[in-house]
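For reference, the chains in residue letters:
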Amino acid sequence: MARYDLSEVEWRLIEPLLPNKPRGVARVDDRRVINGIFYVLRTGSPWRDLPSRYGPHTTVYNRFNRWAKAGVWVRVFEALSASSPGSMHLIDSSIIRAHQHAAGGKKGGPDHAIGRSRGGLSTKINALVDQDGLPLRIVLSAGQASDKAAVEALIDGLKPAEALVADRGYDARAVIDMVEARGGRAHIPTQRDRKVQRSIDPAIYRQRNVVERYFCKLKHFRRIATRFDKLARNFLAAVLLASTRLWLRAYESRT
């Protein structure tokens, strides 16, 4: 088994979450195809350079693209992350450079979460993780977008946590009120230029490093560290699949 492939435990966890196909022509081996997808995500190689042991690259790409369009990867990620106790939420964002191949959309069309920041064309991954650094919600935005603008989408629909931890970039009255209205408490340092400074619990704030470690693990997947996908839908699917792999490894370590 190649080092990028799913282990037996990981496969047993993800297999029941895949779509059923009770009738018609049977699909090409799901495990082989998904191993091929993870190979591309981990190595960053073009789809056409996929090793032959994973089958035709067109089959692997078409499965990735078709299931991204159908929302399959979103549902798999949500099913695995649903087990989190969610006693603490931590949010942060990370800028991803967009390759020139990702920026070739039609003029006048949607930007697909590609914008311009100091580093050029880029996408921002906004993430909310739990106390163990495992992701619960991922939202994409253009590289120059404010971090605060993604907070509502990150926490909407999730079971409220007692504490939400973020850095100074999220310091806004609207964010504080949003968290408190859901029964939680925001542990967000005040911007240094404000006259009134809020006090935060240093022990709780120090735990913010778990979301930074999540981004570090995420960028081990080279297809995430640089964005090649033109469609925001497909890049989000790639991020969710990489995050799914982190959940699978967490489950495996508990068995």
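The structure under discussion appears in the preceding block.
What you see is a predicted model; the values in this text were computed from it and never measured.

How each quantity is defined
Residues numbered from 1 in each chain as written. Predicted model: local features only at pLDDT ≥ 70, side-chain atom pairs only at ≥ 80, totals over all residues. Heavy atoms only, no water. Axes fitted to C-alpha atoms, helices over the stretch in contact; angles between N-to-C directions. Helix = DSSP H or I, 4+ residues; strand = E, 2+ residues; numbered from the N terminus. Parallel < 35°, antiparallel > 145°, perpendicular 65-115°, else oblique. Contact = heavy atoms within 4.5 Å. Nonpolar A, V, L, I, M, F, W, Y, C, P; charged D, E, K, R; others polar. 1 Å grid on protein atoms, 1.4 Å probe; cavity = no way out; pocket = protein on both sides within 12 Å on 5 of 7 lines; lining within 4 Å. Points joined across faces, edges and corners; volume = space filled by probe spheres on them. Polar contact = N/O pair within 3.5 Å; in protein donor to acceptor, adjacent residues only side chain to side chain. Buried < 20%, exposed > 50% of the residue type's maximum accessible area, 1.4 Å probe, protein only. Pairing = 2+ DSSP bridges.

Focus on the packing of helix α3 (residues 57-70) against helix α4 (residues 72-81)
Logical step 1: Contact pair α3 / α4: the axes reach a minimum separation of 5 Å and the direction vectors enclose 70 degrees. With respect to their mutual orientation, α3 and α4 come out roughly perpendicular. Contacts between α3 and α4 pair Arg63, Phe64, Trp67, Ala68 and Ala70 from the former with Val72, Trp73 and Arg75 from the latter.
Logical step 2: Here the residues of the contact of α3 with α4 sort into six nonpolar, no polar and two charged.

Some details on the layout of surface pockets
Logical step 1: In this structure, the largest pocket occupies an estimated 380 Å³ of space.
Logical step 2: Together, 15 residues line the largest pocket, and Trp47, Arg48, His101, Arg223 and Phe228 are the ones closest to its centre.
Logical step 3: Residue contributions to the lining of the largest pocket peak at four residues, all from α3.
Logical step 4: Here the second largest pocket is characterised by a volume of approximately 320 Å³.
Logical step 5: Considering the residues around the second largest pocket, the lining is formed by 17 residues, among which Glu78, Ser81, Leu136, Arg137 and Leu158 are closest to the centre.

Brief notes about the side chain of Asn126
Logical step 1: With respect to the helices and strands, Asn126 occurs in strand β3 (residues 120-129).
Logical step 2: At 3.0 Å, the side chain of Asn126 forms a polar contact with the side chain of Ser141.
Logical step 3: In contact with Asn126, other than residues within four places in its own chain, are Asp92, Ser93, Arg137, Ile138, Val139, Leu140, Ser141, Asp147, Ala150 and Leu154.

Things to note about empty space enclosed by the protein
Logical step 1: Using the criterion set out here, one finds one cavity of 30 Å³ or more in the structure.
Logical step 2: Here the largest cavity is characterised by a volume of approximately 60 Å³.
Logical step 3: As for the largest cavity, its lining consists of His89, Ile155, Pro160, Ala161, Leu164, Val179, Arg182 and Gly184.

Focus on the pairing of strand β4 (residues 135-142)
Logical step 1: Counted residue by residue, β4 has eight buried out of eight residues, so it is predominantly covered.
Logical step 2: Looking at chain direction, β3 and β4 are connected through seven bridges and run antiparallel. Of the residues in β4, the one forming a bridge with Ala127 is Ile138.
Logical step 3: From the end of β3 to the start of β4, which pair antiparallel, there are five residues, and Gly133 there has a positive phi angle of about 80 degrees.

By themselves, these figures tell us nothing about what the structure is for.
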